[in-house]
Each structure stands twice: as structure tokens, then as C-alpha cells.
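Breakdown of the fold
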Amino acid sequence: MNKIKLILCFIFISLSTFLLPVHAADDIKLYFDDSLIKTDVSPIIINDRTMVPVRSIFEKMNAEVTWINSKKQVIIKSLSKRIVLNVDKTRAYVDDKAIELDTAPVIVNDRTLIPVRFVSENLGYDVEWNNKERAVHINSPYKEPEELVIKRINATKSSRNSKVTIFIDNIEKPSISYASNPQRFIADFENTVISGGDSKKTLNSDDITEVRYAEHDDYSRVVIESPADAEYTVSYSSNSMTIIVECEHSEDDTHDDKPESDNKDKDDNDTSSSDAEDEPETDPDVIVKVDRPLVVIDAGHGGWDSGAVGYDDDGEVVVRECDANLAIALRVQHYLVKNNVDVIMTRQTNKALGTTEMEDLLSRCKIANDADATLFVSIHNNSFTEPTATGTEILYADTDSKINYGVTSKTMAQNIITPLVKATGLQNRGLHDSPKMVVLGRTEMPSVLIECAFVSNPSDREILTDDSEIDDMGYAIAEGIIKTINQLP
Ligand SMILES: [Zn+2]
């Protein structure tokens, strides 16, 4: 054999070893979680490895696929993994660790085909080859269904009806049944636990005699017991289920509704009454409030609204109120969460909650009211033209809607100011009844606004720019909030 023949022979062998293991292109099926995936280029098998077009499948796994043409490189990125493959090269990388593949990615009809098992398994999916079907099955990893938690159950009554609201994040509709003698509405929530465990409350309402709830093996049951003629209307939001319970009240039923004239005497300059048109006909009484209190922490100002600004003698900005408020608020959140208190923050970054001051303030109230929070704490800092003004004061409001919570805003203010001035050593400037402040007047639950210190005072500013002082303030405020929570009925 001469040299040329040898080379030709070698080329032929190389080609055939490459070509022979490639199976007929159109007979391999690809399934993702049992649904057939249609691909513009059919999967092929090379060296016993099934090769699939990259975009057809991995984007279904919430992985992002990037093709870098200059390097003939595919990058597949999921939340936890970064996989790099190179066309015609067996070296691949998983999170920068080199791995040798037995089959290199190839380009067929302008599509890059990559080894399906290697990538799928690295993304946490199971891969099965079914030889009879000639099909690749990719399956999502089995996940224990996440347990849902009933966080709170509230019952309220008005002159017309009573209402039970069950709060569950990502609620799934329960199975509902009815029973008689005594009449009962029964909701079974699958795979759900009740924060705080089983309990029952006897209610002083015409429509509901008792609300009880209990955890069972794989569901939780809420039972509403009513007089025999009760009717139930159910509605849902994303995080709650509401059952309106209505009995036929006798015609001559007299309610002690307040006469119109008695309905608040706010003056026209009162910002808190500027859009009071959506007041309910009658204020519902909270007759039972079950379990986990929810605290809304509001870091005042933010975004376009920096709040008060503290300058040094050279006119340089030392502290902006919006930043100090947020820094303290985040420490309060930290200590509350550590103590198993549910917290919602109105903001956690430097942003405004509206394009006007009023819109911004009302958004903060809406967050608390929509969440049906138990307590609202707004964190601010003060400023005055005289730099000598110093110390801490707390504004509070005990408007009508707040009365039924069993603890007053003023009590909360007192609970907070005592440890707070002790922590900072700042002067206690006292508590001030301020129902006209929007965030106090318009939130339905007990609420306070803390003016922690003065950004206009040099020594107050030192506290506001010291991380450990900020931490102490957060701790003290959380302490006052937890004391208040412990005083709830
Ligand atoms: Zn402020």
C-alpha cells in the first residue's frame, strides 16, 4: 500500500467511525415531564449519546441559553449552575470545573446539538432512555409539596353580617362542606398547617357562634358554626379566603349606628380626610384575631423624597433622613424576624412609593391595611432650624378603627420610647397625639411614627451615622414592638 492509499484508507475509517453510530434522525422522541417536545432538528444519537438541539429543551428547565458564535460556544445558565460547552470539543465546564465528555456538541443544519443527559443531570433533572419507544424522558426532580400555613384567622362583624378571613400565602381553594345541628361551614385545606396550632373561639355575633380550627394528618380544618338560617358567601384573594356569614336579622333590629353628624369633625386642612369617601358604612368590630401578629415597618421617605437632610458646618451632607430611616428600619426588621414576628417592610431600598407626597403616604397605609397588619410603625428622623434641638419623640393616633385591636397606639408609643431613649441616651421629648398624620390617621391598626433623632443636631447625627448605634436603636424599637405584641389580647 502506498502512502496515498494509506491516507485515504485512514480518512475512510475516520469518517465511518464518526458516521456509523449516528442513528436515523427522525425516530428519537423527546419528552419533558411526559409531554412530547417538538424540535426543529430531530435529536440524534452519537456514540450512544442522545444529542438534542439546545434551545428546545433547556429553556424549559428555566435555564438561559447563550450562543457565542465567535467561540462556537454554548453557555447554559440556571440559578445554581453554569455549563459551558464547545462545539466539536469534548471538554466542557460546569461552574468552571473542566469535565471531559465522551461526545462533543455538534452543529447539524445550523442547530447546535448537545448531549442531553449531561446537561439535564447537571441542571438537576432526571433522564431516562426508553429503548422500546426510542425516547428520552427528562423529568423534573420530585419535590415534596410545600406545606401551606394558615397564618391568621380574623372574624369581624358589622350590623349586616359577619365575616371570617383566613390568611394563607399562595392559597389553594379548600374543599368546602356543610353540616347541620348545629349548622356548620367546613373548609378543609389540604397540606396545610395552622400557625399557632389548634384553637376555638366562641363569638359574640348574631351570625357566628364559634370559629374553630384544627390540624389533621395532611389537612387543616376550619369550622364556622352558625345559627340554623345562616348563609355563607365565599371569596378569595391571592393570600386569603373570606367567608361572609349572614343570618336573617329581624326587621326591627335596631343598630346603634352613629348619626351622620357625629361622624368625625375633621377640619378641611386635614390631609387624612382628603379622600375619605370609601369609609365603610359601619366600622366592623374585630371579634377574634387569631395568632401571629403582623407588623408593618415603614421607613419614611425614600427615592425622590430624601426627607430632612443633615449638613455639617461646611455645608456638606452628613446624613439624609431617608437613609437613616431605612438603616434603622432594617435593624428593627432583623430583630423582629429573629423573634418570630411576621414583618412587612413598606420599602427595603431607597425608593419612593408614589409620585406625589400624598400618593406615597397613602401607598404605605394601603400596604398595611391590605395586609390586615396588627401594628404599624413608621420610622423617621427630625429636623429643626435650630441645631440645638435634640432627642426622640413618638407621634401616635388612636382613631376609631384602632380601638378594637386591644392595645392602643399610645401604649405602643410608650413601649417603644422607653427602651429607645435608654439605648441612645437622647432626650425623651415625649408622645404626641397626631391623628392628622396620614400614616397614623389612615392606617386601620394601632400606629406610631418615631422621630428617632434630629438630623439637624451634630450629636444626634453622630448616632445616626454610627452602625452600632443604629443597631441599638433597631433593637430597642423591636423590643417595644414585641412588648406591645405581648399585650395583645
Ligand atoms: Zn420624615
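What counts, and at which threshold
- Residues numbered from 1 in each chain as written.
- Predicted model: local features only at pLDDT ≥ 70, side-chain atom pairs only at ≥ 80, totals over all residues.
- Heavy atoms only, no water.
- Helix = DSSP H or I, 4+ residues; strand = E, 2+ residues; numbered from the N terminus.
- Areas by Shrake-Rupley, 256 points an atom, 1.4 Å probe, with all protein chains shown as cover.
- Donors = N, O, S within 2.8 Å, 3.2 Å for Na, K, Ca; no water.
- Buried < 20%, exposed > 50% of the residue type's maximum accessible area, 1.4 Å probe, protein only.
- Contact = heavy atoms within 4.5 Å.
- Axes fitted to C-alpha atoms, helices over the stretch in contact; angles between N-to-C directions.
- Parallel < 35°, antiparallel > 145°, perpendicular 65-115°, else oblique.
- Left-handed = near helix turned anticlockwise from the far one by under 90°.
- Phe/Tyr/Trp six-rings, centres within 6.5 Å; stacked < 30°, edge-to-face > 60°.
- pLDDT = per-residue confidence, 0-100.
- Expected span 1.5 Å × (residues − 1).
- Pairing = 2+ DSSP bridges.
- Core = buried A, V, L, I, M, F, W, Y, C linked by side-chain atoms within 4.5 Å.
- Patch = residues over 30% accessible without salt bridge, like charges linked within 9 Å, V, L, I, M, F, W, Y side chains within 5 Å.
- Salt bridge = Lys/Arg side-chain N within 4 Å of Asp/Glu carboxyl O.
- Lys, Arg positive; Asp, Glu negative; His and termini not counted.
- Charge placed at Lys NZ, Arg CZ, Asp CG, Glu CD.
- Polar contact = N/O pair within 3.5 Å; in protein donor to acceptor, adjacent residues only side chain to side chain.

1. With respect to the overall build of the chain
Along its length, the chain carries 9 helices and 32 strands. Surface accessibility of the chain: about 26200 Å² in total, with carbon and sulfur atoms responsible for 48%.

2. Some points on the coordination of the zinc ion
The expected angle between donors at a tetrahedral four-coordinate metal is 109.5 degrees. At an octahedral six-coordinate metal it is 90 or 180 degrees. Surrounding the zinc ion are the protein donor atoms His 301 (NE2), Glu 321 (OE) and His 380 (ND1), which sit 2.1 to 2.2 Å from the metal. Along the chain, the residues donating to the zinc ion are arranged with the sequence spacing H-x19-E-x58-H. Taken together, the residues His 301 in the loop between strand E25 (294-299) and strand E26 (309-311) and His 380 in strand E29 (residues 375-382) connect sequence positions 79 residues apart. The same class applies to His 301 and to His 380, which are both buried.

3. Thoughts on the environment of Asn 139
One can find Asn 139 in strand E13 (residues 135-139). For the pair Asn 139 and Tyr 125, spaced 14 residues apart in sequence, the C-alpha to C-alpha distance is 5.8 Å. The residues touching Asn 139, leaving out its near neighbours within four places in the chain, are Asp 33, Asp 34, Tyr 125, Asp 126 and Glu 128.

4. Here's the deal with the packing of helix H4 (residues 321-338) against helix H9 (residues 467-486)
Packing of H4 against H9 brings their axes to within 8 Å, and their N-to-C directions diverge by 50 degrees. In terms of their interaxial angle, H4 and H9 are classed as oblique. Pair H4 / H9 crosses with right-handed handedness. Packed against H4, whose contacting residues are Ala 327, Ile 328, Arg 331, Val 332, Tyr 335 and Leu 336, the element H9 presents Ile 470, Asp 471, Met 473, Gly 474, Tyr 475, Ile 477, Ala 478, Ile 481 and Ile 482 at the interface.

5. What to know about the packing of aromatic side chains
Counted according to the given criterion, the structure contains 5 aromatic pairs. Pairing Tyr 178 with Phe 185 gives two aromatic rings, centres 5.6 Å apart and planes at 70 degrees, and the pair type is edge-to-face. When its relative accessible area of 52% is taken as the criterion, Tyr 178 is described as exposed. Each ring, one from Tyr 178 and one from Tyr 232, has its centre 5.9 Å from the other, and the planes form 40 degrees; the classification is tilted.

6. What about the confidence of the model for the chain?
Detailed reading of the predicted coordinates is not advisable wherever pLDDT falls low. The pLDDT averaged across the chain works out to 83; a share of 85% of its residues lies at or above 70. The least confident element of the chain, judged by mean pLDDT, is helix H1 (residues 3-19) at 44; the most confident is strand E32 (residues 447-454) at 98. The model gives residues 5-25 a pLDDT under 50, and that stretch makes 13 contacts with residues more than four places away or in other chains. Within the model, the stretch residues 250-290 combines pLDDT values under 50 with 61 contacts to residues more than four positions away or in other chains.

7. With respect to H4
Compared with an ideal rise of 1.5 Å per residue, which puts 18 residues at 26 Å, H4 spans 26 Å between its outermost C-alpha atoms and is within 8% of the ideal. Listed in full, the buried residues belonging to H4 are Glu 321, Cys 322, Ala 324, Asn 325, Leu 326, Ile 328, Ala 329, Val 332, Gln 333, Tyr 335 and Leu 336.

8. A word on the sheet that holds strand E28 (residues 342-345)
Either a parallel or an antiparallel arrangement is found when strands of a sheet pair, and the pairing is made through backbone hydrogen bonds. Taken together, 6 strands build an open sheet; the order of strands is E28-E25-E29-E32-E30-E31 and the sheet is mixed. At either margin of the open sheet sits one strand with a lone partner, and together these are E28 and strand E31 (428-433). Neighbour-to-neighbour, the strand axes of this sheet turn through a mean angle of 20 degrees, independent of strand direction. When E25 meets E28, the two strands line up parallel, connected through 4 bridges. The partner of Val 296 across the bridge, within E28, is Ile 344. Sheet strands in contact with helix H6 (residues 409-424) are E29, strand E30 (392-397), E31 and E32, and its direction is about 170 degrees off that of E30. Against the sheet, H9 touches E25, E29 and E32, its axis set at about 150 degrees to E29.

9. Side note on the side chain of Thr 50
Looking at the secondary structure, you find Thr 50 in strand E4 (residues 49-53). Residue Thr 50 is classed as buried on the basis of its relative accessible area of 10%. Ignoring any residue separated from it by four or fewer positions in sequence, one finds Thr 50 in contact with Ile 28, Pro 43, Ile 44, Ile 45, Ile 114, Pro 115, Val 116, Trp 129 and Val 136.

10. Looking at the nonpolar core
Ranked by internal contacts, the top residues of the largest apolar core, which has 43 residues, are Ile 297, Val 377, Ile 379, Ile 416, Ile 450, Ile 477 and Ile 481. Apart from residues no more than four positions distant in its own chain, Ile 481 is found in contact with Val 295, Ile 297, Val 332, Leu 336, Leu 375, Val 377 and Ile 416. Counting residues in hydrophobic clusters, the runner-up holds 28 residues, among them Ile 45, Ile 76, Leu 85 and Val 94.

11. Focus on unusual backbone geometry
Backbone torsion omega between Asn 181 and Pro 182 reads -10 degrees, so that peptide bond is classified as cis. Examined against the element boundaries, Pro 182 turns out to sit in the loop between strand E16 (175-179) and strand E17 (183-190). The backbone of Asp 48 sits at a positive phi, close to 70 degrees, despite the residue not being glycine. If you trace the backbone, Asp 48 turns up in the loop between strand E3 (44-46) and E4.

12. Digging into a negative patch on the surface
On the surface, Glu 172, Glu 190, Asp 217 and Asp 218 cluster together into a patch of negative charge. Among the residues examined, Glu 190 registers a relative accessible area of 66% and is labelled exposed.

13. Here we look at the pairing of strand E22 (residues 231-237)
Sheet topology note: the E22/strand E23 (residues 240-246) ladder contains 7 bridges and is antiparallel. Bridging across to E23, Tyr 232 finds its partner in Val 245.

14. As for the pattern of salt bridges
Tallied over the entire structure, the rule returns 14 salt bridges. With its nearest N and O atoms 3.8 Å apart, the salt bridge here joins Arg 82 to Asp 96. Note that Arg 82 is positioned in strand E7 (residues 82-86) and Asp 96 in the loop between strand E8 (91-94) and strand E9 (97-100), a separation of 14 residues in sequence. Taking relative accessible area as the criterion, Asp 96 reaches 64% and is therefore assigned exposed.

15. Here we look at H6
With 16 residues, H6 extends 22 Å from end C-alpha to end C-alpha; this agrees with the ideal 22 Å at 1.5 Å per step. Along H6, the residues that are buried comprise Ser 409, Met 412, Ala 413, Asn 415, Ile 416, Ile 417, Pro 419, Leu 420, Val 421 and Thr 424. In this structure, the buried residues of H6 make contact with E29, E30, E31, E32, helix H8 (458-464) and H9.

16. Regarding the side chain of Thr 346
In this structure, Thr 346 sits in the loop between E28 and helix H5 (357-370). In this structure the side chain of Thr 346 is engaged in a polar contact, spanning 2.6 Å, whose partner is the side chain of Asp 298. With residues near it in sequence (within four places) discarded, Thr 346 still touches Val 296, Ile 297, Asp 298, Ala 299, Lys 351, Leu 353, Arg 364 and Ile 367.

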